[in-house]
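One letter stands for each residue in the lines below.
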Amino acid sequence: METKKITAKFYYVITVVIALALVVIVNVIANLSDFRVDFTEDQRYSLTTSTQDFLNSDSLLNERILFKIYLEGEELPAEANRLKKAIKGKLEEFKYYAGKRVEYEFINPNTGTEADFKELSEQLIAKGKGIRPLTLNYRSEGKNQQLFLFPGAVVSYKGSISGYVRFMEGGQSYLDQNFETKVQRAITNIEYKLMEAIDKATRTTKKTLGFLSGHAELKPQNTAAMRNILEETYIIKDVAINGRINALDKLDGLIIADPQKPFSDKDKFVIDQYLMQGGNILLTYNPLNINRDTLRKYGQVNSIRKKTDIEKLTYDYGIKINDDLLVDAEYGAFIVSPRSQPIPYYFYIKGQGTEHPITSQLDPIMLFYASSLQFVQTENTTTPSVLLTTSSNAKSFGIAPLVSLGMFRAFGEQPKFQDDIDNPENRLMVGAMVEGMFESAFKNRLVDTYKNNRDAVFFEKSKKAGKLCVFSSGDFFQNKYFDSVEVLEENRYKYIPRYPNERIGEFDEILLGGSKGNFDVIQNTIDYMLGESSLLAVRSRTIDLHPTDKNKVTEQAGFYKVINLLIPLSIVIILALTLVIIRKRKFAKK
């Protein structure tokens, strides 16, 4: 009997020793091995392959880069804390691959005196190029409260500031379901935002992007804000064709922003041949002109065809721009005067992104007067892509229609423009791209001026693949500007651009309704067209974070509290009863 007890004890000791040895061996192997496993379906805790390759490369990232994130403090709401933790987790992933070449620190911007906060705010805003402050409105203890956040980072490379990261756009926001949705979108875009900042900091060469002039396109002061964003990555030039056959030859990309005057055959020929040589063209254009001043004065105005002829070129390349106007139940507002209440305005539509990497993760795009687009059959070897659409509750309001502010009285705040407002087939295209090999629009009608020009080399079809992108609203990315502002330190007057999301009391239609993806869609399109492939895989990535349904939490809080109380107690009771039964049976046998 005694021998059996000793054998049993020895068996238990051996078992424990083996188990401990296995634990030690597993830990040693884990420490010596270098691997990670992400079991989430959307791989939310992993970086894309392109990001890993970039961070692993000592030649691409050869110096230390520092991120100073101004999202810290005990007063941060749960949603902001969730964003902070996500940013920290992603940066830890970056450090895993890049090592000491990636560093970061979190800073609380709300410490110090009011003067310190004001000084820091000016530094972070950086004259509109930096982090835009977000004013978060909420109720606490029966009072309205405000919290100022800077949801972004200052990026330093090689010892100096190289750029800024905006994880969320600034402006006014409320602590509600919409804010939680914005946080979710921000979490999805963290990897892209960080990689975009690293890419800009480490870039050694810049491609050239031209803004076309000569046909009453948007003026430089009206595109100043967009240029400020693009010039961080590209060399920006203003280009006029003026009959020069090679006017566009040195451009990597061309923006034609809301032209108002006709294109001559000469100019169209130069644009055509630029595309045949692998050019990249972005056109923002609505074929109808709506005089907003007349609309404000009389309450209605006839839309007038611009007749620029640029739409004939896009038709030959596979995109038809219809001369209609669209109305949408996802709409903006029209301001008659600074003192009047905004009027719901169905012609200001909120363009919806698609699965294309350019628009898949963008906020809605506010389009001021948009026409419908269609793909047309051509002999080109191109791939068409839908970039932006209306909602499923939208329709064409007719060819060159009368525009009236009185539509609101007929349709109300929740208009119904379709019988089945949830049918995705109702969506109308307002952003499109065709890319590939084109046939010249002048294949059978060479312009007389260039027939005998020795400098003119005519390409009947594409020499290499090109891209054409069309958005059917012309001025959706323009900024308003202050005229003749005195700049004392420069002893002169100049235009100062007014940036979206920095609403400081001035009247500006584009600011109404909070931040939109108007600037982002232009930047993404240019990046895509000019081959910034390292960022494309990151940009199109989706992380499925399910936001908390606060109404559901409130309604079912009691039920889950009871469950959380009863289940642990039930487990303890079941285990206790099981132990009692086992002991009774054991002693009953003796």
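See the structure shown above.
Everything numeric in this text was worked out from a predicted model, so none of it was measured.

Quick notes on the overall build of the protein chain
Working step 1: In terms of regular secondary structure, the protein chain is built from 15 helices and 27 strands.
Working step 2: For the protein chain, the residues scored as buried account for 47% of the 590 residues in total.
Working step 3: A fraction of 77% describes how many contacts in the protein chain between residues 6 or more apart in sequence connect residues 24 or more apart.
Working step 4: When the accessible surface of the protein chain is totalled, it reaches about 31900 Å², and 52% of it is carbon and sulfur.

Considering the sheet that holds strand β6 (residues 160-166)
Working step 1: Judged by pairing direction, the sheet is mixed, and its 4 strands sit side by side in the order β2-β1-β5-β6 without closing on themselves. Only two strands of the sheet have a single neighbouring strand rather than two, namely β2 (102-106) and β6. Taking the axes of each pair of neighbouring strands and ignoring which way they run, one obtains an average angle of 20° across the sheet.
Working step 2: Running over the sheet, helix α3 (residues 78-98) touches β1 (65-69) and β2 and is turned about 160° from β2.

Remarks on the packing of aromatic side chains
Working step 1: Under the defined criterion, the tally for this structure stands at 22 aromatic pairs.
Working step 2: The interplanar angle of 90° and the centroid separation of 5.0 Å between the aromatic rings of Y96 and Y97 together place this pair among those described as edge-to-face.
Working step 3: Taken together, a centroid distance of 5.5 Å and an interplanar angle of 75° make the contact between Y346 and F417 edge-to-face. Of this pair, Y346 sits in strand β18 (residues 343-353) while F417 sits in the loop between α11 (407-411) and β24 (429-437), placing them 71 residues apart in sequence. The same class applies to Y346 as to F417, namely buried.
Working step 4: An aromatic cluster is present here, built from F334, Y345, F347, Y348, F368, Y369 and F397 joined pairwise through their rings.
Working step 5: One Lys or Arg, K84, reaches over the ring of F106 and ends 5.9 Å from the middle of that ring.
Working step 6: Lying over the aromatic face of F211, R227 brings its terminal NZ or CZ to 4.2 Å of the ring centre.

Some thoughts on unusual backbone geometry
Working step 1: Positive phi, close to 60°, is recorded for A216, a residue that is not glycine.
Working step 2: Positioned with a positive phi, D309 is a non-glycine residue whose angle comes to about 75°.
Working step 3: Within the secondary structure layout, D309 lies in the loop between β14 (304-305) and α10 (310-317).

Describing the pattern of salt bridges
Working step 1: One pass over the full model with this rule turns up 18 salt bridges.
Working step 2: The salt bridge involving R101 is made with D58; its shortest N-O contact spans 3.5 Å. Of the two residues, R101 is situated in the loop between α3 and β2 and D58 in the loop between α2 (49-56) and β1; the sequence distance between them amounts to 43 residues.
Working step 3: For D58, a relative accessible area of 55% translates into the label exposed.
Working step 4: A salt bridge links E180 to R82; the shortest N-O distance between them is 4.0 Å. Taken as a pair, E180 in helix α5 (residues 177-188) and R82 in helix α3 lie far apart in primary sequence, 98 residues in all.
Working step 5: Relative accessible area serves as the criterion here: at 30%, R82 is assigned to the partly exposed category.

Structural notes on the packing of helix α6 (residues 190-202) against helix α13 (residues 518-529)
Working step 1: Direction vectors running N to C along α6 and α13 enclose 60°, while the axes themselves pass 15 Å from each other. The orientation of α6 with respect to α13, classified from their angle, is oblique. Relative to α13, α6 is oriented so that their crossing is left-handed. Contacts between α6 and α13 involve Y192, E196 and K200 from the first element and Q523, N524 and D527 from the second.
Working step 2: Classifying every residue of the contact of α6 with α13 gives 1 nonpolar, 2 polar and 3 charged.

Thoughts on the nonpolar core
Working step 1: Membership of the largest hydrophobic core comes to 52 residues, with the highest contact counts inside it found for Y345, Y369, V403, F476 and I526.
Working step 2: Broken down by element, this core gets its largest block of residues, 6 residues, from α13.
Working step 3: Setting aside anything within four residues of it in sequence, one finds I526 in contact with L209, L230, Y234, I255 and L282.
Working step 4: Ranked by size, the runner-up nonpolar core spans 41 residues in total, among them L61, I65, V183 and L535.

Description of α10
Working step 1: Turning to α10, its buried residues are I310, L313, T314 and Y317. Take α10 and look down its axis: the buried residues cluster within an arc of 95°, on one side only.
Working step 2: For α10, the elements touching its buried residues are α8 (265-276), β11 (280-284), β15 (319-321), β24 and β25 (466-471).

Structural notes on the sheet that holds strand β3 (residues 134-140)
Working step 1: Overall, mixed pairing links the 3 strands, which are arranged β4-β3-β7 in an open sheet. Every other strand in the sheet has two partners, leaving β4 (143-149) and β7 (171-174) as the edge strands with one partner each. In this sheet, adjacent strand axes meet at a mean angle of 30° when their direction is disregarded.
Working step 2: As judged from the 7 bridges shared by β3 and β4, these two strands associate in the antiparallel manner. Considered in β4, the bridge of S140 is made with K143.

Reading guide: rules and limits
Residues numbered from 1 in each chain as written. Predicted model: local features only at pLDDT ≥ 70, side-chain atom pairs only at ≥ 80, totals over all residues. Heavy atoms only, no water. Helix = DSSP H or I, 4+ residues; strand = E, 2+ residues; numbered from the N terminus. Buried < 20%, exposed > 50% of the residue type's maximum accessible area, 1.4 Å probe, protein only. Contact = heavy atoms within 4.5 Å. Areas by Shrake-Rupley, 256 points an atom, 1.4 Å probe, with all protein chains shown as cover. Pairing = 2+ DSSP bridges. Axes fitted to C-alpha atoms, helices over the stretch in contact; angles between N-to-C directions. Phe/Tyr/Trp six-rings, centres within 6.5 Å; stacked < 30°, edge-to-face > 60°. Lys NZ or Arg CZ within 6 Å of the ring centre and 35° of its normal. Salt bridge = Lys/Arg side-chain N within 4 Å of Asp/Glu carboxyl O. Parallel < 35°, antiparallel > 145°, perpendicular 65-115°, else oblique. Left-handed = near helix turned anticlockwise from the far one by under 90°. Nonpolar A, V, L, I, M, F, W, Y, C, P; charged D, E, K, R; others polar. Core = buried A, V, L, I, M, F, W, Y, C linked by side-chain atoms within 4.5 Å. Arc of directions from axis to C-beta.

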